[in-house]
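# Examining the three-dimensional arrangement
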Amino acid sequence: MIAPRYVFTMARYNAWQNTQLRAAFDTLSDAELCADRKAFFGSIFNTANHILWADRMWMARLGLGEAPDGDHLTLTPTPAVWAGERYKTDARLLHWAEHLHAVDLKGDVNWRSVMANRDFSHPFDLCVMHLFNHQTHHRGQIHAMLTAAGAEAPVTDILFMPENGPLL
């Protein structure tokens, strides 16, 4: 379904987007980031925590680290801590993607969902696609909240992603 090049491109895109989000977050106060904006997860910060939590959960399911502890909306206590944890998670994901082989995308991912109270099994490559799709979906919500808060929201079009240079 997908190839290592796709995964590497999406890992680069993820890192680029989160670098831009960290910069946009720096233009708002912690109170503004934590303000209830009537979005699905309430605030910009809650949504950012949810994405980080879900990334780590999916990475654990894919064999790339430990599952996160705690609630998905309160994974990190402050935007500053979030920024550091986001950076580390993106670096780990990018490193994995850089060393990925086609055979690594084969097989199934099996897990038990506590929320759904059932077992799941899906193809590994589909789960990787979901990881990146989930990030993009919720970053779109953050983009809308940043715009509504009067902040300059980052460029999100993958076609404008820098081809070279550091992303983290």
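Residues numbered from 1 in each chain as written. Predicted model: local features only at pLDDT ≥ 70, side-chain atom pairs only at ≥ 80, totals over all residues. Heavy atoms only, no water.

### Structural notes on the overall build of the chain
- Across its full length, the chain holds 5 helices and 2 strands.
- Helices and strands appear in the chain in the N-to-C order α-α-α-α-β-β-α.
- The C-alpha atoms of the chain give a radius of gyration of 16 Å, which matches the 15 Å a tight globule of 168 residues would have.
- When its C-alpha atoms are laid out on the principal axes, the chain stretches across 45 × 40 × 20 Å.
- Split into buried and exposed, the 168 residues of the chain put 45% on the buried side. (Helix = DSSP H or I, 4+ residues; strand = E, 2+ residues; numbered from the N terminus. Rg over C-alpha atoms; globule rule 2.2 N^0.38 Å. Buried < 20%, exposed > 50% of the residue type's maximum accessible area, 1.4 Å probe, protein only.)

### Considerations on the packing of helix 1 (residues 4-25) against helix 4 (residues 79-98)
- Two elements in contact, helix 1 and helix 4, have axes whose closest approach is 9 Å; the angle formed by their N-to-C orientations is 165 degrees. By the angle class used here, helix 1 and helix 4 are roughly antiparallel. The hand of the helix 1/helix 4 crossing is left-handed. Contact residues: helix 1 offers Val7, Phe8, Ala11, Arg12, Asn14, Ala15, Asn18, Leu21, Arg22 and Phe25, while helix 4 offers Trp82, Ala83, Arg86, Tyr87, Asp90, Leu93, Leu94, Trp96, Ala97 and Glu98.
- For the contact of helix 1 with helix 4, the class distribution of residues is 13 nonpolar, 2 polar and 5 charged. (Axes fitted to C-alpha atoms, helices over the stretch in contact; angles between N-to-C directions. Parallel < 35°, antiparallel > 145°, perpendicular 65-115°, else oblique. Left-handed = near helix turned anticlockwise from the far one by under 90°. Contact = heavy atoms within 4.5 Å. Nonpolar A, V, L, I, M, F, W, Y, C, P; charged D, E, K, R; others polar.)

### Some points on the confidence of the model for the chain
- Within the chain, residue pLDDT values average 95, and 97% of them lie at 70 or more.
- Ranking the elements of the chain by mean pLDDT puts strand 1 (residues 108-113) last with 95 and strand 2 (residues 118-123) first with 98. (pLDDT = per-residue confidence, 0-100.)

### Quick notes on the side chain of Thr89
- Considering the arrangement of structural elements, one finds Thr89 in helix 4.
- Aside from chain neighbours lying at most four places away, what touches Thr89 is Leu52, Asp55, Arg56 and Met59.

### Here's the deal with the pairing of strand 2
- Strand direction decides the pairing type here: strand 1 and strand 2, joined by 6 bridges, are antiparallel. Looking across to strand 2, one finds that Asn110 is bridged to Ser121.
- Count of turn residues in the strand 1/strand 2 antiparallel hairpin: 4 residues, of which Asn117 carries a positive phi of about 55 degrees. (Pairing = 2+ DSSP bridges.)

### Observations concerning the environment of Trp82
- With respect to the element layout, Trp82 can be found in helix 4.
- Here Trp82 falls in the buried class, since its relative accessible area comes to 2%.
- Sequence separation between Trp82 and Leu52 is 30 residues; the distance between their C-alpha atoms is 8.3 Å.
- Those residues in contact with Trp82 that sit more than four places away from it in its chain are Leu21, Arg22, Phe25, Phe45, Ala48, Asn49, Leu52 and Thr76.

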